[in-house]
Amino acid sequence: MRSDDDVDPVDARLGTRLAELRAEHGWSLGELAERSGVSRSTLSRAERAEISPTATLLNRLCAVYGRTMSQLLSEVESAPDAVVRAADQPVWQDRASGFVRRSVSPPHPALRGELVEGRLTEGADLTYERPPVPGLEQHIWVLEGALEVTAQDSVHRLGPGDCLRMRVWGPTRFRCAAGEGVRYLLAVVRP
């Protein structure tokens, strides 16, 4: 068994990601062993980064999880930056709708959550037919102005300081409910 000092950081992140993938599928080590043809003990040791997985082992797991090895490795190759400077936060603007989106903490394959600052100008009205990922968790915290959010046929009127949390399964609508515009923080967590 390797000591913590001997564990390669990529192997550690890879082990964590393999454990996450198994949990996302709701499989026990035994179920994964049956599906992959890899022993439970080898799977357990790989998830705990006690061994460095071979290409053969990763190929078997990638086949079970329906992803390429390069996809899997790209998810663990580098850790996200701990600090995202304001100048490095990407801003995107939809001039037609009056929506400005700042990725305060941009998504990273190794993390499930991100923070987004949203701004809607007076009269802005955005409708999304479906979430990018069903069951996406969202927390919407209004910083300035008023926001009306419609989700699953429920209308929520939010003012400064109010926070709405929800899982998104169907269409949503974000409407600026104030004359001066609205600014809010959106926390997004992938299931």
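The structure under discussion appears in the preceding block.
One structure accompanies this document, and this report is about it. (Residues numbered from 1 in each chain as written. Predicted model: local features only at pLDDT ≥ 70, side-chain atom pairs only at ≥ 80, totals over all residues. Heavy atoms only, no water.)

Another aspect to go through is the packing of aromatic side chains. Across all of its chains, the model carries 4 aromatic pairs by this definition. With centroids separated by 6.3 Å and ring planes inclined at 70°, the aromatic side chains of tryptophan 92 and phenylalanine 99 adopt a geometry described as edge-to-face. Overall, the relative accessible area of 47% leaves tryptophan 92 in the partly exposed class. An aromatic cluster is defined as three or more aromatic residues linked by ring pairs; in this entry it consists of Tyr128, Phe174 and Tyr184. (Phe/Tyr/Trp six-rings, centres within 6.5 Å; stacked < 30°, edge-to-face > 60°. Buried < 20%, exposed > 50% of the residue type's maximum accessible area, 1.4 Å probe, protein only.)

A separate point is the pairing of strand S2 (residues 99–105). In regular strands, side chains alternate between the two faces of the sheet. Looking at chain direction, strand S1 (residues 91–94) and S2 are connected through 4 bridges and run antiparallel. In the strand pairing of S2, glutamine 93 is matched with valine 100. Hairpin geometry of S1 and S2 is characterised by an intervening segment of 4 residues between the two adjacent antiparallel strands and by a positive phi of about 80° at glycine 98. Two strands pair when backbone bridges link them, and S2 and strand S3 (residues 113–120) are joined in this way by 6 bridges, in the antiparallel orientation. Paired with arginine 102 across the bridge in S3 is glutamate 117. (Pairing = 2+ DSSP bridges. Helix = DSSP H or I, 4+ residues; strand = E, 2+ residues; numbered from the N terminus.)

Moving on to the packing of helix H2 (residues 29–36) against helix H3 (residues 40–47). It is at 9 Å that the axes of H2 and H3 come closest, and there the two elements cross at 110°. Of the possible angle classes, the one that applies to H2 and H3 is roughly perpendicular. In the packing of H2 onto H3, the handedness of the crossing is right-handed. For the pair formed by H2 and H3, the contact residues are Leu29, Gly30, Leu32, Ala33 and Ser36 on the first element and Arg40, Leu43, Ser44 and Glu47 on the second. (Axes fitted to C-alpha atoms, helices over the stretch in contact; angles between N-to-C directions. Parallel < 35°, antiparallel > 145°, perpendicular 65-115°, else oblique. Left-handed = near helix turned anticlockwise from the far one by under 90°. Contact = heavy atoms within 4.5 Å.)

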